[in-house]
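Tertiary structure, described
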Amino acid sequence: MNNNNNLTAEEKVRIARNIDRPHVDDIIKNLFTDFFEQKGDHLFDEDLSIYGGIARYKGMPVTIIGHRKGHNIQDNIKFNFGMPRPEGYRKALRLMKQAEKFGRPIITFVDTPGAYPGKEAEEHGQGEAIAKNLAAMSSLKVPVITVVTGEGNSGGALAISVANRILMLENAVYSVLSPEGFASILWKDSSRKREACDLMKLTAHDLQDAGVTDEVVPEPAGGAHTDPDTLYANLDAVLYKHLQELKLMSSSELVADRRLKFRNIGRTEEAEYITG
Amino acid sequence: MKSKVNYQAKDLLRDSSFELRAHKDAAGTILPTIMNPEFIDCPSCKRRALRSAWEKNLFACPNCGKLKPIGGYYRLSLILDKGSFKEMDYDMTVSDPLGFPGYAEKVAAQEKKTGLKEAVITATGKIGGIPVVTVVLDSRFFMGSMSTIVGEKVTRAIEVATSRKLPLIIFSASGGARMQEGIYSLMQMAKTAAAIEAFSESGGLYISYLTHPTTGGVTASFATLGDITLAEPGALIGFAGPRVIEQTINAKLPKGFQRAEYLESHGFVDKIVPRNEMRDTLIDILRLHVTNTKNENKGFSVVKNNE
Ligand SMILES: [Zn+2]
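Before going into details, it helps to say that this report is about the structure given with it. As the structure is a computational prediction, the values presented were derived from the model and not from experiment. (Residues numbered from 1 in each chain as written. Chains lettered and ligands numbered in written order. Predicted model: local features only at pLDDT ≥ 70, side-chain atom pairs only at ≥ 80, totals over all residues. Heavy atoms only, no water.)

1. Here we look at the overall build of chain B
The condition that has to hold: By definition, any uninterrupted DSSP run of H or I lasting at least four residues is a helix, any uninterrupted run of E lasting at least two residues is a strand, and each is numbered from the N terminus. Each residue is assigned to one of three classes by its accessible area relative to the maximum for its type, calculated with a 1.4 Å probe on protein chains only: buried under 20%, partly exposed between the two thresholds, exposed over 50%. Residues count as neighbours in contact if any of their non-hydrogen atoms are within 4.5 Å of one another. All accessibility values rest on the Shrake-Rupley procedure with a 1.4 Å probe; residue burial counts only the protein chains present in the view.
Along chain B, the regular secondary structure elements total twelve helices and nine strands. Across the 307 residues in chain B, those meeting the buried criterion constitute 56%. The long-range share in chain B, meaning contacts at least 24 apart out of those at least 6 apart in sequence, stands at 69%. Roughly 13300 Å² of accessible area belongs to chain B as shown, and the carbon and sulfur atoms make up 54% of that amount.

As C-alpha cells, then:
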C-alpha cells in the first residue's frame, strides 16, 4: 500500500513542504467535530504558529495541538511559517495539562522548520520552554499520539512530540535539523542538500527502523495534496487503531510506555558501572 | 536500572589516576597555544600574566577575568572531595547509528587529541562529605555536542541518582546536536528530559551549572530543568546560536546577548558563580537540602576546603 516508494528522500522533503499539503486545520475539519480553539499561553502572548483546542473524535473529546502553516504566503507570514516562539510551546503545555486534568487524549500534529530563532524568543526562554514540554509530556497521564504531517525539524518539532505513538504520513520527514541547515553546519555548503537528505535517514520508513515512528500512514501517489480525501481516510484508520489500543492502558501504564519508548532510543545495556 | 558491579584492578588504577588526568586537563588548557610557558597572553584583553597566576586563578584571566574553557576532569577536581571520584561508564564509546561517512575517522582524531571517549564524564563523588552524582560535558570533544552516547550516559547517571537518592549536579557545555547522529541525537533530548522528570518526581535535588557555551539541544533539555540553575560568568547560553539569530532577524544583537549575566537579568538563572566559589556554593546549597538526613543527625562535619 505504499504508493511513494520510488521517491528519493529529497523528493519527499519537497512534498512534505508542499504549500497545498493538508495542514492541521484541514485535518481538524475533516477528521474531527465541534472544534473549540483555545488561544494564548495565558502568561504573555498568543503565538499563531501553534494551533490548538478541544474537539471530538468519533464523539470522544480530545485535545488537538499542531504547528500551523498556511496555504498562501500571507497566511504563512501570519503563522510565522510554523516556527513557534516560547509562548507557543507554553500554550501547548497549557492545553496538554488541561487535557490531562479532564482525561482527554492528546493528538499533536507536527509540521515545522524548527523553533523560531529570534531575539525575543531567546529572551523569553526558547530552550527552557522546549525543555519543560519534553519533561512534562513524559509524565502526562493520558494517551498522547503525534502525527508528523509535513516536516518535523529539531527541538521545535520534538517539543510537542513526546508521545506514546508517533505516526508519520508516508512523505513526511523528521530530522535533527533541516537538510539545508545540516549541510551548512557539516560542510559549510547548504547546496549539498540532496546528499544531506540521503544521509540523514529522515523519511517515515527510515524512522520506523530507528524506533521513532510506530506506523506509516500511506499517502496517495504523488503526495497527500493530490487526493486529500484518501489521505484523511488512511489517517483516520491508523489514528483510530492506535487510540483504541492506548485507551485500554491505565495512566501509569501510559507514562511507563511513553518513557520506555524514548529510553530505548540509543540504549546501551552492557557497559559497566563502576561502583563507589 | 541494572548496574553491574565489576571492580577490577584496572578500575582501581583509574581512580588513583584521577589526579593525574585532572592535572593533564589543566595543563592542556593553555599549553598547546603558547610559545613561552612562563607567560600567557589573554585572548580577550591581550594582556600578559604569569602562568602560575593563571593557574592560581583557575584559568580565569588575572587581568580581565575572562575564562578559558577547562577540561572535565580538571573541573571535577575543583569540586569533589579528594579521593571520592568514581567514574561511571567510562568505557562507553561513540556509536555511529547512521553509519555516517567520515564520522569514525573524526571520532578517532578527537579521541587522540583529548584522551576522551565521548563528550561527557559521569561520576559519583562527594562534595563536602555529601555523596552526589555529577555529570560534566567536555567542550573539547566534538564541542560537547549531544550524541547518542552522551544522552545515554547522562540518562544512566540520572537513573543512578534516582535509585540511590543522591543529589545530581550537571555541568553543561554544548555546541548543540551531534549532526552525524541525526535523529538519534535529537531523541536524546526527550530521553534525558524524561529521566530528569522521573528524578524530580522522586524528590531529588538537581543543580544545573551552565558553562560556556551551552546551546541547542542541551539547553532545550536537561540543562534548563534544574531546581537550582547556576551559570559561569560570561558563558554563552541559548537555544539558537547568535549568528543564526542575526541572519534571521537581519539585525545586530545587543552587547552581552545570551551571556550568563543577560540570562540572569531576564529571569533564567538563580546565580552567577565564579569558578573559585563553585565548590563552596555547591556545599551551601547541598547543606540546605540534606538537613534531617542521617548524615546531619550524626553531626556530620562538612569540610569546605578542598585541600
Ligand atoms: Zn584578559
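From this point on, the discussion continues.
2. Quick look at the interface of chain A and chain B
Put simply, the test is: Throughout, the accessible surface (probe 1.4 Å) given up by two parts as they are put together, summed over both, is called the buried area. Salt bridge, as used here, is a side-chain nitrogen of Lys or Arg placed within 4 Å of a carboxyl oxygen of Asp or Glu. By the criterion applied in these results, polar contacts are pairs of N or O atoms within 3.5 Å in which, for protein atoms, one can donate a hydrogen and the other can accept it, and in which residues neighboring in sequence qualify only through two side-chain atoms.
Each partner contributes residues to the interface: chain A has 54 residues there, and chain B has 62 residues. For the chain A and chain B pair, buried surface summed over both sides reaches about 5000 Å², with 67% attributable to carbon and sulfur atoms. Scanning the region where chain A abuts chain B turns up three salt bridges. A salt bridge links Glu159(B) to Arg263(A); its shortest N-O distance comes to 2.6 Å. Our enumeration of links across chain A and chain B arrives at twelve residue pairs in polar contact (both at pLDDT 80 or more).

3. As for the coordination of the zinc ion
Residues and elements named next belong to chain B. Our working rule: Only N, O and S atoms count as donors, using a 2.8 Å limit from the metal and a wider 3.2 Å limit for Na, K and Ca, and since water is excluded some coordination spheres may look unfilled. When four donors show all angles between 85 and 135 degrees the site is tetrahedral, when four or six donors have opposite pairs over 155 degrees and all other angles between 65 and 115 it is square planar or octahedral respectively, and in every other case it is irregular.
On the protein side, the zinc ion has Cys-42 (SG), Cys-45 (SG), Cys-61 (SG) and Cys-64 (SG) as donor atoms, found 2.2 to 2.4 Å from it. With four donor atoms in place around the zinc ion and angles of 106 to 114° between them, the coordination shape is tetrahedral. Read in sequence order, the donor residues for the zinc ion give the motif C-x2-C-x15-C-x2-C.

4. Considerations on the nonpolar core
Here is the rule: What makes a nonpolar core is a set of buried Ala, Val, Leu, Ile, Met, Phe, Trp, Tyr and Cys residues whose side-chain atoms join them at distances within 4.5 Å.
Counting 154 residues, the largest nonpolar core has Phe32(A) and Tyr174(A) as its most contacted members. Among the elements that line this core, the one with the most residues is helix H7 (residues 182-201) of chain B, at ten residues. Membership of the second largest hydrophobic core comes to six residues, among which are Ala26(B), Leu58(B), Phe59(B) and Ile70(B).

5. Observations regarding the pattern of salt bridges
All names here are of chain A. Applying the stated rule across the entire model yields 36 salt bridges over all chains. Here Lys-69 and Asp-111 are joined by a salt bridge, their closest N and O atoms 2.9 Å apart. Placement of Lys-69 in the loop between strand S3 (60-67) and helix H3 (73-78) and of Asp-111 in strand S4 (residues 106-112) is noted, with a sequence separation of 42 residues between them. Under the relative-accessibility criterion, Lys-69 is labelled buried at 11%. With its nearest N and O atoms 3.7 Å apart, the salt bridge here joins Lys-193 to Glu-180.

6. Regarding the side chain of Gln38(A)
Residues and elements named next belong to chain A. Mapped onto the secondary structure, Gln-38 falls in the loop between strand S1 (33-37) and strand S2 (50-57). For Gln-38, a relative accessible area of 9% puts it in the buried group. At 2.8 Å, the side chain of Gln-38 forms a polar contact with the side chain of Gln-98. If near-sequence neighbours (up to four positions away) are discounted, Gln-38 is found in contact with Gly-52, Gly-53, Ile-54, Lys-91, Arg-94, Leu-95 and Gln-98.

7. Quick word on the packing of aromatic side chains
For the record, the criterion: Pairing of aromatic side chains here covers Phe, Tyr and the six-membered ring of Trp, requires ring centres within 6.5 Å, and sorts the geometry by plane angle: under 30 degrees stacked, over 60 edge-to-face, intermediate tilted.
Evaluated as defined, the whole model comprises 13 aromatic pairs over all chains. Arranged with centres 6.4 Å apart and planes meeting at 85°, the rings of Phe32(A) and Phe109(A) form a pair that is edge-to-face. Taken together, the residues Phe32(A) in the loop between helix H2 (24-31) and S1 and Phe109(A) in strand S4 connect sequence positions 77 residues apart. By relative accessible area, Phe32(A) is classed as buried at 6%. Centre to centre, the rings of Phe59(B) and Tyr74(B) are 5.4 Å apart; their planes meet at 75°, and the pair counts as edge-to-face. Here Phe59(B) is found in the loop between helix H3 (51-56) and helix H4 (72-77), whereas its partner Tyr74(B) is found in helix H4, with 15 residues between them in sequence.

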